[in-house]
Amino acid sequence: MKDQIFIKALVKDGKLDFPLKANKTRLDNFLSNLPDGARLEVFIGATTKKGSNAQLARLHAMIRELANDIGYTFEEIKLQVKRKAGLCFTKNNVEYCKSFAECDHADLNLAIQAAIEIGDFNGIQLR
């Protein structure tokens, strides 16, 4: 993805703590390479066993990029990601798909991986 970063950190005493110093360095480098006046969209989510807002935000950004680059609608790509991730099933010739909002952490990880694979197949770097 263009101009995006993904880092993991913990909260200690109300401040960000980076268990891997490389993540702090990546964040500092990312911010220092942005031009003055650049607008940032920040998605912060606390991870629990339930799917996190950060996962949802990343997944939707990936789907949006795939849709723009491949030429499909957002909803068409979202359905393809759900199918590839195993979040859809057919019963009596009717397809049912799990909502991303109802997905747990593992389901959203599968969907993110499915989006990356769709991107790879189409020559789009989403890592």
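To start, this report covers the structure provided alongside it. (Residues numbered from 1 in each chain as written. Predicted model: local features only at pLDDT ≥ 70, side-chain atom pairs only at ≥ 80, totals over all residues. Heavy atoms only, no water.)

1. Here we look at helix α2 (residues 53-70)
Link 1 in the chain: For α2, with 18 residues, the first-to-last C-alpha span of 25 Å sits near the 26 Å given by 1.5 Å per residue.
Link 2 in the chain: Looking at α2, one finds that the buried residues are Gln-55, Leu-56, Ala-57, Leu-59, Ala-61, Met-62, Ile-63, Glu-65, Leu-66 and Ala-67.
Link 3 in the chain: Immediately downstream of α2, the backbone of Gly-71 shows phi near 100°, a positive value. (Helix = DSSP H or I, 4+ residues; strand = E, 2+ residues; numbered from the N terminus. Expected span 1.5 Å × (residues − 1). Buried < 20%, exposed > 50% of the residue type's maximum accessible area, 1.4 Å probe, protein only.)

2. Re the nonpolar core
Link 1 in the chain: Judged by nonpolar contacts, the single largest core of 21 residues is most densely connected at Leu-59, Leu-66, Val-81, Phe-100 and Ala-111.
Link 2 in the chain: Put simply, the parts of the chain that give this core at least two residues each are α2, α3 (74-84) and α4 (105-121).
Link 3 in the chain: Considering every element that reaches this core, the biggest residue donor is α4, with 7 residues.
Link 4 in the chain: In contact with Phe-100, not counting residues within four places along its chain, are Leu-56, Leu-59, His-60, Ile-63, Lys-78, Val-81, Lys-82, Leu-87, Leu-108 and Ala-111. (Core = buried A, V, L, I, M, F, W, Y, C linked by side-chain atoms within 4.5 Å. Contact = heavy atoms within 4.5 Å.)

3. Description of the packing of aromatic side chains
Link 1 in the chain: In total, this model carries 1 aromatic pair according to the counting rule given.
Link 2 in the chain: The interplanar angle of 25° and the centroid separation of 5.4 Å between the aromatic rings of Phe-89 and Tyr-96 together place this pair among those described as stacked.
Link 3 in the chain: Residue Phe-89 is classed as partly exposed on the basis of its relative accessible area of 48%.
Link 4 in the chain: A relative accessible area of 40% places Tyr-96 in the partly exposed class.
Link 5 in the chain: Across from the ring centre of Phe-100, 4.8 Å away, lies the NZ or CZ of Lys-82, which sits over that ring. (Phe/Tyr/Trp six-rings, centres within 6.5 Å; stacked < 30°, edge-to-face > 60°. Lys NZ or Arg CZ within 6 Å of the ring centre and 35° of its normal.)

4. Description of the packing of α2 against α3
Link 1 in the chain: Between α2 and α3, whose axes approach to 9 Å, the crossing angle comes to 120°. Judged by the angle between their axes, α2 and α3 are oblique. Crossing geometry of α2 relative to α3 is assigned as right-handed. Together, Leu-59, His-60, Ile-63, Arg-64, Leu-66, Ala-67 and Ile-70 of α2 and Phe-74, Ile-77, Lys-78 and Val-81 of α3 make up the contact between the two elements.
Link 2 in the chain: Looking at the contact of α2 with α3, its residues break down into 8 nonpolar, 1 polar and 2 charged. (Axes fitted to C-alpha atoms, helices over the stretch in contact; angles between N-to-C directions. Parallel < 35°, antiparallel > 145°, perpendicular 65-115°, else oblique. Left-handed = near helix turned anticlockwise from the far one by under 90°. Nonpolar A, V, L, I, M, F, W, Y, C, P; charged D, E, K, R; others polar.)

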